[in-house]
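The lines below spell out each chain.
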Amino acid sequence: MTSIRVRLGVLGLALLTGFTTPTTASAAQAAPSPTVEEQRLGTAAPQEILRRSGFDTAAPRLARALEGARSYGEARRAVSREGARLWQRAVDRAQGRGPAGGDLSRDDDRPLYWARLGMTRDVRTWEPEFGLTDGQRAALLDELERTSRGQDAIRYPHGKGLKRILLTGFDPFTLDRDIRISNPSGATALALDGTVIATADGPARIETAVFPVRWQDFTEGTVERTLRPHLPKVDLFTTVSQGRVGRFDIERTNGAWRGGFGDNENIGRTGTVPVTDPASQPQWTTTTLPYAAITAAQTGRFPVYDNTSVTEIPAGATEPVVRPDGPTPGSAARAGGGGDYLSNEIAYRATLLRDRLGLRGTLPGGHVHTPVLQFGTGNTTEVTDPEFVRNRLDIIAQVRAILKVAAEES
């Protein structure tokens, strides 16, 4: 009877308060389900990639840390620690430090991608006894994303005589077409993070970060938040993504338009790229990379093009047209040289930020599209093969050579 009275008392209080939903951390809210992106983790190829790299231990390690957390603060510290550990482990593996963890090539970016998704899934579905508000869970996920992507680990040594280069890459994408896909831009970010290249003007230090292939993250300002503290202090920056088959492109012009192609959550967005202060938003931004010097140099086995083509709606017109030589005055963007997907958008956002910070005349920056990373002929099922590894290593080496040229010409 005592327990019945307690339950009736609670019910009466709820009726008096109109069943108000608690918003404090002590009141648990239902954990959301895994995302579309996270649900792919259960298929065979991701599990093989994790097993053959040793990265299958990352998510269980975080899960154990969360189980031991007795407060939101402890959980936040655990997430930050394990996210940073994952990024550093991926960088170390790519650069030959520490154990390989398996027979998968060290230059592979996919272990980081799939391990992160295992960790975000665990945070997203975790239901601690002390309860999490929606806001707290979102903050944990945001902390994990930033730390496991190197976005909060961009640091350059103090002192003069050292050039500073900032490079960004992307996660794998179009995974419903082929779950085995790797992104050479992400692999390049891992291979080059913290490395130094010798230039004719002295050493240049490269720092990197990786971004998700999700429209919503870009809408929420992840690019600007990451790059804004560093652009005034670097000597060169380039965003990098996977582009066309068999070629590099230095994208001359970026457009303020989203074309609607589905992201890694299978969500599309169409319309003007959303930025702060849209009233002053230009339709186009341009590269300040030394594209003529880059395209003229011998940087590797893939040809490098100065891509000037865009798609626009001319002033006074209603239908889009392709302009091989760039946009015309007063036109509306429908695709930059890098298209109308997130490759174009990161280039647009980064170069717009450069311009809004007053750095257009002094800071070389723009976008580099790498060749599509292809598997060996006839490989339609295996997660790797010798030609696949060779292609990725060659792309990484050529990006590094492009950076060297850009640094020397800037």
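In what follows, the structure referred to is the one given above.
Notes on the structure follow. (Residues numbered from 1 in each chain as written. Predicted model: local features only at pLDDT ≥ 70, side-chain atom pairs only at ≥ 80, totals over all residues. Heavy atoms only, no water.)

1. Digging into the packing of helix H5 (residues 72-94) against helix H7 (residues 134-148)
Keep this limit in mind: Note on geometry: axes are C-alpha line fits, over the in-contact stretch for helices, and angles between N-to-C directions span 0 to 180 degrees. Going along the chain from the N terminus, every DSSP run of H or I of four or more residues is numbered as a helix, and every run of E of two or more is numbered as a strand. With respect to orientation, any angle under 35 degrees is reported as roughly parallel, any angle over 145 as roughly antiparallel, any angle of 65 to 115 as roughly perpendicular, and every other angle as oblique. Left-handed is the label given to a crossing in which the near helix is rotated counterclockwise from the far helix by less than a right angle, and right-handed is the label when the rotation is clockwise. Whether two residues are in contact is decided by their heavy atoms: any pair within 4.5 Å suffices. Under the scheme applied, nonpolar residues are Ala, Val, Leu, Ile, Met, Phe, Trp, Tyr, Cys and Pro; charged residues are Asp, Glu, Lys and Arg; polar residues are all the others, including Gly.
Running from amino to carboxyl end, H5 crosses H7 at an angle of 20°, the nearest separation of the two axes being 7 Å. Between H5 and H7, the interaxial angle falls into the category roughly parallel. Where H5 crosses over H7, the handedness of that crossing is right-handed. Mapping the contact onto sequence places Tyr72, Ala75, Arg76, Val79, Ser80, Gly83, Ala84, Leu86 and Trp87 in H5 and Gln136, Ala139, Leu140, Glu143, Leu144, Thr147 and Ser148 in H7. A class-by-class count of the residues in the contact of H5 with H7 yields 9 nonpolar, 5 polar and 2 charged.

2. Digging into the side chain of Asn391
Note that Asn391 resides in helix H13 (residues 386-409). Apart from the residues within four sequence positions on either side, Asn391 is in contact with Arg301, Leu373 and Gln374.

3. Examining the packing of aromatic side chains
To keep things clear, this is the line we draw: When the centres of two rings from Phe, Tyr and Trp lie within 6.5 Å, Trp using its six-membered ring, the rings pair. Their planes under 30 degrees apart give stacked, over 60 give edge-to-face, and anything left gives tilted. Exposure classes here rest on a 1.4 Å probe applied to the protein chains alone. A residue is buried below 20% of its type maximum, exposed above 50%, and partly exposed in between.
Scanning the model with the defined rule gives 9 aromatic pairs in all. Ring geometry for Phe173 and Tyr341: centres 6.0 Å apart, planes at 45°, overall tilted. Here Phe173, found in the loop between strand E1 (163-170) and helix H8 (184-192), pairs with Tyr341, found in the loop between strand E13 (332-335) and helix H12 (342-356); they are 168 residues apart in sequence, far enough to count as distant. Tyr341 carries the same exposure label as Phe173, and that label is buried.

Nothing here speaks to function; it is geometry throughout.
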